[in-house]
Amino acid sequence: MQNITHWINGKPVEVDGSRFGDVTNPATGKITGRVALASKATTDEAVAAAAAAFPGWRDTSLARRVQVLFAFRELLNARKSELAAIITAEHGKVLEDALGEIARGQEVVEFACGIPHLLKGGYTESASTKVDVHSLRQPLGVAAIISPFNFPAMVPMWFFPVAIAAGNTVVIKPSEKDPTAANWLASLWKEAGLPDGVFNVLHGDKEAVDALLDSPEVSAVSFVGSTPIARYVYERGTATGKRVQALGGAKNHMLVLPDADLNLAADAAVNAGFGAAGERCMAISAVVAVDAIADELVAKIAERTRTLRIGDGTRGCDMGPLITAAHRDKVAGYIDAGIEQGATVVLDGRHPSPDAEGDGFFLNPTLFDNVTPDMTIYQDEIFGPVLSVVRVPGFDEGLDLINSNPYGNGTAIFTNDGGAARRFENEVTVGMVGINVPIPVPMAYYSFGGWKNSLFGDTHAYGADGVHFFTRGKVVTTRWQDPSHGGLNLGFPTNS
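As a starting point, this report considers the structure included with it. Computed from a prediction, not measured in an experiment: that's the story for all the values here.

So, on to the layout of surface pockets. Remark: the empty space left among the atoms is shown by a probe the size of a water molecule rolled over them. Its boundaries defined by the atoms lining it, the largest pocket holds a volume of some 940 Å³. Forming the walls of the largest pocket are 38 residues, and the residues nearest its centre are Pro148, Phe149, Gly225, Ser226 and Ile229. Those elements that provide at least two residues to the lining of the largest pocket are α5 (154-165), α7 (206-214), β11 (218-224), α8 (227-239) and α11 (325-340). Taken together, the residues of the lining of the largest pocket break down into 19 nonpolar, eleven polar and eight charged. Viewed by domain, the lining of the largest pocket spans two of them, domain 1 (2-248 + 454-476) and domain 2 (252-435), each represented by three or more residues. Here the second largest pocket defines a volume of roughly 670 Å³. As for the second largest pocket, its lining consists of 27 residues, of which Asp97, Asn271, Gly275, Arg280 and Ile439 are closest to the centre. Going through the elements one at a time, α3 (95-112), α5 and α9 (262-274) are the ones with two or more residues in the lining of the second largest pocket. Ranked by residues supplied to the lining of the second largest pocket, first place goes to α3 with five residues. Of the residues in the lining of the second largest pocket, the class split is 15 nonpolar, three polar and nine charged. Residue-level mapping places the lining of the second largest pocket at the junction of two domains, with at least three residues from each of domain 1 (2-248 + 454-476) and domain 2 (252-435).

The element strand β12 (residues 243-247) is extensively covered by neighbouring structure, given that four of its five residues are classed as buried. Where β11 meets β12, five bridges bridge the pair, whose relative direction is parallel. Residue pairing across strands places alanine 220 opposite arginine 243, the latter belonging to β12. Each parallel crossover has a hand, and the one from β11 via α8 to β12 is right-handed. Across two bridges, β12 lies against strand β22 (residues 455-456) in antiparallel orientation. Each bridged residue has a counterpart across the sheet, and for leucine 247 the counterpart in β22 is leucine 455.

Turning to the sheet that holds strand β20 (residues 432-435), a few remarks are in order. Read from one edge of the open sheet, seven strands run β15-β16-β17-β14-β13-β19-β20, paired in mixed fashion. In this open sheet, the two strands that pair with only one neighbour each are β15 (344-347) and β20. Across the sheet, the axes of successive neighbouring strands diverge by a mean angle of 20°, strand direction being ignored. Pairing geometry for strand β14 (residues 284-290) and strand β17 (residues 386-392), over five bridges, is parallel. What sits directly across from alanine 286, in β17, is serine 388.

Scanning the model with the defined rule gives 13 aromatic pairs in all. Aromatic pair tyrosine 234 and phenylalanine 456: ring centres 6.4 Å apart, planes at 35°, arrangement tilted. Residue tyrosine 234 is located in helix α8, and its partner phenylalanine 456 is located in strand β22; the two are separated by 222 residues in the primary sequence. With relative accessibility at 12%, the residue phenylalanine 456 sits in the buried group. For the pair phenylalanine 448 and tyrosine 462, a centre-to-centre distance of 6.5 Å together with 45° between the ring planes defines the contact as tilted. Remark: tyrosine 462 occurs in the loop between β22 and α15 (463-469) and phenylalanine 448 occurs in the loop between β20 and β21 (451-452); sequence separation between them is 14 residues. For phenylalanine 448, a relative accessible area of 1% puts it in the buried group. Exposure remark for tyrosine 462: the relative accessible area of 2% places this residue in the buried category. Put simply, the rings of Phe72, Phe160, Trp189 and Phe199 touch in pairs and so form one group of aromatic residues.

Applying the stated criterion across every chain yields a total of 26 salt bridges. Across the pair glutamate 110 and arginine 73 runs a salt bridge, and its minimum N-O distance is 2.9 Å. On the criterion of sequence distance, the pair formed by glutamate 110 in helix α3 and arginine 73 in helix α2 (residues 62-91) is long-range, its members being 37 residues apart. Bridged by salt links that share partners, the residues Lys206, Asp210, Asp214 and Arg236 form one connected network.

Before going further, it helps to examine unusual backbone geometry. In the Ramachandran plot, asparagine 9 falls in the positive-phi region, its phi being about 55° despite a non-glycine side chain. When you line up the elements, asparagine 9 lands in the loop between β2 (7-8) and β3 (11-12). We classify asparagine 9 as partly exposed; its relative accessible area is 35%.

The next subject is α7. Taken residue by residue, α7 has Ala208, Val209, Asp210, Ala211, Leu212 and Leu213 as its buried positions. Packing partners of the buried residues in α7 comprise α1 (40-58), β8 (142-146), β9 (169-173), β11 and α8.

Quick notes on the rules
Residues numbered from 1 in each chain as written. Predicted model: local features only at pLDDT ≥ 70, side-chain atom pairs only at ≥ 80, totals over all residues. Heavy atoms only, no water. 1 Å grid on protein atoms, 1.4 Å probe; cavity = no way out; pocket = protein on both sides within 12 Å on 5 of 7 lines; lining within 4 Å. Points joined across faces, edges and corners; volume = space filled by probe spheres on them. Helix = DSSP H or I, 4+ residues; strand = E, 2+ residues; numbered from the N terminus. Nonpolar A, V, L, I, M, F, W, Y, C, P; charged D, E, K, R; others polar. Domains from an automatic or database assignment. Buried < 20%, exposed > 50% of the residue type's maximum accessible area, 1.4 Å probe, protein only. Pairing = 2+ DSSP bridges. Right-handed = clockwise from strand over helix to strand, strands pointing away. Axes fitted to C-alpha atoms, helices over the stretch in contact; angles between N-to-C directions. Phe/Tyr/Trp six-rings, centres within 6.5 Å; stacked < 30°, edge-to-face > 60°. Salt bridge = Lys/Arg side-chain N within 4 Å of Asp/Glu carboxyl O. Contact = heavy atoms within 4.5 Å.

From the geometry alone we can't say anything about function, so treat these as descriptive.
Below you can see the structure in the form of structure tokens.
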């Protein structure tokens, strides 16, 4: 059985105390390792290592920082299959999905390789008589990253490439459910030439999170998780003067208009609803179908869903298990509630027959029709393979439904009407919008983040917002006396 320890100051550290958590292969149900859960003392040790490394890394030239980033990028590209196997073994998602999340994280690494251009300031000559003004951006110090179980590689990579490129040092607290990916990334950074202490991995639970939020040496916190915890992280972190970006939950809608390509829309609904077993904050969980095409669309979604192979992510299946038995049972409870509250069950996923050994945490995809906004399956973020179809008379009612939802992470519209798409783009109160694109996760040179209860803080992840979050501005006003003033002699030195 594997023992997973913290990574502090460039090496694995001995475990303090006796608190551990089990790490399980969700496809088999077998415990494969145990992970150390940090005390406050260990948390302070990790933060101290990052704080000690900060001055040296801050003062490292941009040219050298970029060399390390490029080396990390090349190593990751060459060995991404190793990381994908780790993700599949601990999270359960199929290997293709694991490779996909690494690729999206790699985009941010590549974006961060352009940090010399991104950190350029401005310069104004003669703002006043013989007075010049210039601006610059400098790193904050120690940045804490608290990441969720559903993307153990991609979500951390939304933050740490930009943080490190900008000159900060990092303490990452990954999910204790799938912790090994973070240690693997730490060893890769060391191989790439990153100085010890710049990237540290701290495993743990609420005790470690609270210690990071309270630490006076942590300057910034990046978080992704559920909305209640995002609010908690934001409030506790900002109370101690930290800069905090806390990305919360979602209830993402896909509006399908009568003129849409229904085959394209059905494919998108299946991929966006059931990919990664629905365990992603950008999953489509509510298809908003205009009445005129709802019957046909539901039939097409059901036809495609029935062909999906469910099983071990290493066996070429389409969808893997959920992360834990407890989460599987929670999702199954939502299916029970949907039936009890009167939704029409088109496909019931509570009785799977997966292609897997052992007793894994599987559910088949579940499809509900005639879902109404008062139902629990509509109101809550289920975070599982449950897709709800809500019927509306037309465009206006669909837009109003989306805008009245308390979440505002991602949304999509499927239509061939450019005017409808343009109005939707303009009026929908959601941070990321797809037009005939079901999961509109922005490229790395834009920024990721939602509105309303999907984001706490005013700065999104990566892109220009990420550079802004991990740096702070400074303006310098300068006046030098002209040589003719007499106070300076710029000629050759002479002997008297």
